[in-house]
Amino acid sequence: QVRLVESGGGLVQAGSSLRLSCAASGGTFSRYVMGWFRQAPGKEREFVALISWTGGSTYYADSVKGRFTISRDNAKNTVYLQMNSLKPEDTAVYYCAADLKLKSFYYYAREYDYWGQGTQVTVSS
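Residues numbered from 1 in each chain as written. Predicted model: local features only at pLDDT ≥ 70, side-chain atom pairs only at ≥ 80, totals over all residues. Heavy atoms only, no water.

Draft legend 1. Fine view of the overall build of the chain. Counting secondary structure elements, the chain contains 0 helices and 11 strands. Taken from the N to the C terminus, the helices and strands of the chain come in the order β-β-β-β-β-β-β-β-β-β-β. Computed over C-alpha atoms, the radius of gyration of the chain comes to 13 Å, within 12% of the 14 Å expected from 2.2 N^0.38 for 125 residues, which places it in the range of a compact globule. Dimensions of the chain, computed from C-alpha atoms along their principal axes, come out at roughly 40 × 25 × 25 Å. Per-residue burial for the chain yields a buried fraction of 42% across its 125 residues. Considering only intrachain contacts with a sequence separation of at least 6, the fraction spanning at least 24 residues in the chain is 59%. Working note: accessible area of the chain is about 6400 Å², and carbon and sulfur atoms make up 45% of it. In the chain, the 14 positive side-chain charges and the 10 negative ones have mean positions that sit 4 Å from each other. (Helix = DSSP H or I, 4+ residues; strand = E, 2+ residues; numbered from the N terminus. Rg over C-alpha atoms; globule rule 2.2 N^0.38 Å. Buried < 20%, exposed > 50% of the residue type's maximum accessible area, 1.4 Å probe, protein only. Contact = heavy atoms within 4.5 Å. Areas by Shrake-Rupley, 256 points an atom, 1.4 Å probe, with all protein chains shown as cover. Lys, Arg positive; Asp, Glu negative; His and termini not counted. Charge placed at Lys NZ, Arg CZ, Asp CG, Glu CD.)

Draft legend 2. Region of the structure containing the pairing of strand β4 (residues 33-39). Among the 7 residues of β4, 6 are classified as buried, and the element is accordingly described as predominantly covered. Taken together, the 7 bridges between β4 and strand β9 (residues 92-99) define a ladder with antiparallel strand orientation. Residue pairing for β9: R38 is matched across the bridge by Y94. In terms of strand pairing, β4 meets strand β5 (residues 46-51) through 5 bridges, oriented antiparallel. Residue G35 lies in a different strand from β5, and its bridge partner there is L50. Counting the residues between successive antiparallel strands, the hairpin from β4 to β5 contains 6 residues, one of them, G42, with a positive phi of roughly 80 degrees. (Pairing = 2+ DSSP bridges.)

Draft legend 3. Broad picture of the packing of aromatic side chains. Within this structure, the stated rule accounts for 12 aromatic pairs. Both rings, one in F47 and one in Y106, keep their centres 5.3 Å apart while their planes meet at 65 degrees; by these two values the pair is edge-to-face. One end of the pair, F47, is in strand β5; the other, Y106, is in the loop between β9 and β10 (114-115), with 59 residues separating them in the sequence. Ring-pair connections join several aromatic residues into one group, and the members of that group are F37, F47, Y59, Y95, F105, Y106, Y107, Y108, Y112 and W115. Note that R110 overlies the ring of Y108, its terminal NZ or CZ placed 4.3 Å from the centroid. (Phe/Tyr/Trp six-rings, centres within 6.5 Å; stacked < 30°, edge-to-face > 60°. Lys NZ or Arg CZ within 6 Å of the ring centre and 35° of its normal.)

Draft legend 4. Geometry of the state of the cysteines. In the structure shown here, the tally under the stated rule is 1 disulfide. Two residues, C22 and C96, share a disulfide whose sulfurs are 1.9 Å apart. Negative torsions about the S-S bond denote left-handed disulfides, and the value of about 45 degrees found for C22 with C96 makes this one right-handed. One end of the pair, C22, is in strand β3 (residues 18-25); the other, C96, is in strand β9, and 74 residues separate them in sequence. C22 sits in the buried class, given a relative accessible area of 0%. (Disulfide = S-S within 2.5 Å.)

Printed below as a string of structure tokens:
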């Protein structure tokens, strides 16, 4: 069973960049597809990005495409989310998620078995 711990959140101004990290332990990291989700106050948790086991495939929500980049380092058991050109509407708690399978409905939070505790990202205008 894999344990996930996010870091790297913070308070930034619009137009700035942040890099989130998610460190995994307790499992064979390369066996898991890794995703990032976010949840703003009063809203449902929404898909942000996904990366396949070796990083060969990536998927993004339309709202972040071209601004965010997901990557992974299997030697370090870590997945990253590089966020550029941040906007106030990116403000949310960001969660990383893991699953052994890349499922058809990968953009649904319910498809993932493992979750981190989240890291807050706040973008001021």
